[in-house]
Amino acid sequence: MDVFLVVAPVFGTNCTIVAPGSRDAVPDGVPRPCVIVDAGAGVVPGVVALVREHGLSPTAVLATHGHADHTWDAAELCDLYGVPLWIHAADAYRLADPLGTIEHGTPADGPLTSGPLALALAAGGARREDYREPGEVRTFGSGGGSGASVVPGPGGGSTADPRVRLDLGGVLVDALHAPGHTQGSTLYLPLGAGDEHGTSGPARDGQAAGVVLAGDVLFAGSVGRTDLPGGDGETMQRTLRDVVGQLDEALQVVPGHGPLTTVGRERRTNPYLRGL
């Protein structure tokens, strides 16, 4: 499995491209399917360059949650590659109002002039009038969803096991509902070739057989904030205990911002995971 990062110029959002299998296993001239996760503001040029360089063919864009710094360029990438955006049903409403649903006091029709995210987007050249909601949005999880491409995963996505397996044009991804930062925050575990559980060893030299795309749930040494609209501290504690706490320690963690880490390292050193 190949994992590539494009760091957004606004808030340093980690946009991740995941392609299962190996390029060497694909005949020359045949594109390899991939998915793009967390299309933050300004990532389009870097994503396009990596897709072209490695002979990839995006089959979907995914969002770990609906905050603007993780979805700003999603519509452009979806249009460019003719693919849908996937997001948990509980966060889909945020796509219509990317700033009003994250920052208190930022009206949906107002200028990009208030709040740290609004100011950072404006400084990066992002204008509210340039933002577009993706034309095709597919959801999973509670609150509805377009389940044509959803394959029941272990536990069928029940409350006891929040895992839903998505078949995204041949790229299999397990989606684990992990609320707390937002109502629909999700961990994504891409599955490598022949890997039913997504729990093989950590990444090495740009390749990974076991990786979790954690969005703003888990960072190196920290966790996502819960004081924004839709956040909840008690819910985050349950997510850290019951979802993050059940992940394989060998998994490489790609957080929504900042350096990569591993589940095992965070269990040993992250103060927010102690005692859970």
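What you see is a predicted model; the values in this text were computed from it and never measured.

Novice: Describe the confidence of the model for the chain, and please don't skip the residues or the numbers.
Specialist: For the chain, mean pLDDT is 83; residues scoring 70 or higher make up 79% of the total. Segment residues 105–112: pLDDT under 50, and 17 contacts once partners within four positions in sequence are set aside and those in other chains are kept. For residues 144–161, every residue scores under 50 in pLDDT, and the model assigns this stretch 29 contacts once sequence neighbours within four places are set aside.

Novice: Describe the sheet that holds strand β2 (residues 14–19), with residues and values.
Specialist: Within a sheet, each strand pairs with its neighbour through backbone hydrogen bonds, oriented either parallel or antiparallel. Strand order across the open sheet formed by six strands is β1-β2-β3-β4-β5-β6, with mixed pairing between neighbours. Either end of the sheet is taken by a strand with one partner, and the two such strands are β1 (2–7) and β6 (137–140). Going from strand to strand, the sheet's axes swing by 30 degrees on average, the running direction of each strand aside. Lying on the sheet, helix α1 (residues 44–53) is in contact with β1, β2, β3 (32–37) and β4 (56–62); it crosses β1 at an angle near 155 degrees.

Novice: Lay out the side chain of His88 in plain terms, naming residues and giving numbers.
Specialist: Mapped onto the secondary structure, His88 falls in strand β5 (residues 85–88). At 3.0 Å, the side chain of His88 and the backbone nitrogen of Ala90 are in polar contact. The residues contacting His88, other than those within four sequence positions of it, are Thr139, Phe140, Gly141, Ser142, His177, Gly184 and Thr186.

Scoring rules and cut-offs
- Residues numbered from 1 in each chain as written.
- Predicted model: local features only at pLDDT ≥ 70, side-chain atom pairs only at ≥ 80, totals over all residues.
- Heavy atoms only, no water.
- pLDDT = per-residue confidence, 0-100.
- Contact = heavy atoms within 4.5 Å.
- Pairing = 2+ DSSP bridges.
- Helix = DSSP H or I, 4+ residues; strand = E, 2+ residues; numbered from the N terminus.
- Axes fitted to C-alpha atoms, helices over the stretch in contact; angles between N-to-C directions.
- Polar contact = N/O pair within 3.5 Å; in protein donor to acceptor, adjacent residues only side chain to side chain.

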